[in-house]
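# Coordinate inspection notes
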Amino acid sequence: MKKHILLTWLAVLSFSLQAQQIMIVKTKDNTQNEFNVNSIRKITFRSSLEIPGDSTVSLSCPDEHHPHSIDLGLPSGTKWACCNVDALTPDEYGGYYAWGETEEKINYDWDSYKYGRDWDDCDYIGDDIAGTEYDVATVKWGDPWRIPSSEMFQELMDNCTCEWTSLNDVNGYLFTGSNGGRIFLPAAGGCLYDEFLLDGKDGNYWASTLDPENSSQAFFLIFRSPFVQLQYSPLFLGLSVRAVCP
Ligand SMILES: [Zn+2]
């Protein structure tokens, strides 16, 4: 047994005494990095705009097979969908959902709302419904797609330029990340009672985050040129959903 251990130690020692070939990379600012050549698995040269590792992630839609996950160069690494839930293209409005519901309706009011009956009578389905059975993005598109949190919307606004524009004659906001990645959010309006309101003027997109001060409302992103901001909406309103991959 001892002999066996000794032989093993000698094998390790002889391996470590072998001459190692070192690769030295010196950059223009005179920083120098050394690599043991034996430890290198692969050397890849790529453009800084290409996304390594995941061929399903793009800076803009690469083809007609939506939804795509778009890299906007955000600090958290969150990727945003190229189109709304139920939309077949980035300029389509898609579906309208009350918060926590996963099916569209004719009427959007307290009477028809599945998880509440009035301003002071709402069921608790979570402070954050992302990725749950109440998340229409997860239910319709599967994991890891989910409704963005209020923090994710804040990150989007803080790290992208946004421009009121139109895509195929549909008004909306174009968000462009520091890496050149781009998503277009159509001004799809919203649904109140049995009315479909303000399309072409307003965009209203649910966040997964409940208002901590008032359980009858949740965060949503609202835009109407020239402002884009986070506000609260009563849970029963029918709003758009733009999914993310965390
Ligand atoms: Zn796409």
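Residues numbered from 1 in each chain as written. Predicted model: local features only at pLDDT ≥ 70, side-chain atom pairs only at ≥ 80, totals over all residues. Heavy atoms only, no water.

### Describing the coordination of the zinc ion
Looking at the zinc ion, the protein donor atoms are Cys61 (SG), His66 (ND1), His68 (ND1) and Cys82 (SG), and they sit 2.1 to 2.4 Å from it. In this structure, the zinc ion is coordinated by four donor atoms arranged in tetrahedral fashion, with angles at the metal of 102 to 122°. Binding-site remark: the zinc ion is held by donors from one chain whose sequence spacing is C-x4-H-x1-H-x13-C. (Donors = N, O, S within 2.8 Å, 3.2 Å for Na, K, Ca; no water. Tetrahedral: all angles 85-135°; square planar, octahedral: opposite > 155°, others 65-115°.)

### A few points about the sheet that holds strand 15 (residues 227–234)
Spatially, the three strands line up as an open sheet ordered 13-14-15, and their pairing is antiparallel. Because the sheet does not close on itself, it has two edges, and the strands there are strand 13 (203–210) and strand 15. Ignoring strand direction, the axes of neighbouring strands in this sheet form an average angle of 30°. Pairing analysis gives five bridges linking strand 13 to strand 14 (residues 217–224), with the strands arranged antiparallel. Bridge pairing links Leu210 to Ala218 in strand 14. (Pairing = 2+ DSSP bridges. Helix = DSSP H or I, 4+ residues; strand = E, 2+ residues; numbered from the N terminus. Axes fitted to C-alpha atoms, helices over the stretch in contact; angles between N-to-C directions.)

### Things to note about the environment of Thr132
With respect to the element layout, Thr132 can be found in the loop between strand 7 (121–122) and helix 2 (136–141). Look at Thr132 and you get partly exposed, because its relative accessible area is 28%. Discounting residues that sit within four places of it in the chain, Thr132 has contacts with Thr138 and Val139. At 2.7 Å, the side chain of Thr132 and the backbone oxygen of Ile129 are in polar contact. (Buried < 20%, exposed > 50% of the residue type's maximum accessible area, 1.4 Å probe, protein only. Contact = heavy atoms within 4.5 Å. Polar contact = N/O pair within 3.5 Å; in protein donor to acceptor, adjacent residues only side chain to side chain.)

### Points about the sheet that holds strand 16 (residues 242–245)
Strand order across the open sheet formed by four strands is 3-4-5-16, with mixed pairing between neighbours. With partners counted over all chains shown, the strands left at the sheet margins are strand 3 (57–58) and strand 16, one partner each.

### Details of the pattern of salt bridges
Between side chains of opposite charge, pairing is possible as soon as their charged atoms come close. Taken as a whole, this structure holds six salt bridges when the rule is applied. The partner of Glu101 in a salt bridge is Lys105, with the nearest N and O atoms 3.0 Å apart. Of the charged contacts in the structure, one is a salt bridge between Arg117 and Asp121, with a shortest N-O distance of 2.9 Å. The exposure class assigned to Asp121 is partly exposed, which follows from its relative accessible area of 34%. Several salt bridges share partner residues, and in doing so they unite Arg117, Asp121 and Asp123 into one network. (Salt bridge = Lys/Arg side-chain N within 4 Å of Asp/Glu carboxyl O.)

### Describing the nonpolar core
Trp99, Tyr113, Ile147, Trp206, Leu235 and Val241 are the most contacted members of the largest nonpolar core, which totals 32 residues. Considering every element that reaches this core, the biggest residue donor is strand 14, with three residues. With 24 residues, the next largest nonpolar core counts Leu156, Met157, Ile183 and Tyr205 among its residues. (Core = buried A, V, L, I, M, F, W, Y, C linked by side-chain atoms within 4.5 Å.)

### Brief notes about the layout of surface pockets
Here the largest pocket defines a volume of roughly 330 Å³. Only strand 8 (160–167) and strand 10 (182–186) provide two or more residues apiece to the lining of the largest pocket. Here the lining of the largest pocket is composed, by residue class, of eight nonpolar, six polar and four charged. As a volume, the second largest pocket reaches approximately 170 Å³. Secondary structure elements with two or more residues in the lining of the second largest pocket: strand 11 (190–192) and strand 14. With three residues, strand 11 is the largest single contributor of residues to the lining of the second largest pocket. (1 Å grid on protein atoms, 1.4 Å probe; cavity = no way out; pocket = protein on both sides within 12 Å on 5 of 7 lines; lining within 4 Å. Points joined across faces, edges and corners; volume = space filled by probe spheres on them. Nonpolar A, V, L, I, M, F, W, Y, C, P; charged D, E, K, R; others polar.)

### Re unusual backbone geometry
Looking along the chain, the bond that leaves Asp143 and enters Pro144 is cis, with omega of 10°. Of note, Pro144 is situated in the loop between helix 2 and helix 3 (150–159). Backbone torsion omega between Ser225 and Pro226 reads 10°, so that peptide bond is classified as cis. The backbone of Asn168 shows a phi angle near 50°, a positive value even though the residue is not glycine. Take Asn168: it is sitting in the loop between strand 8 and strand 9 (170–177). Under the relative-accessibility criterion, Asn168 is labelled exposed at 58%.

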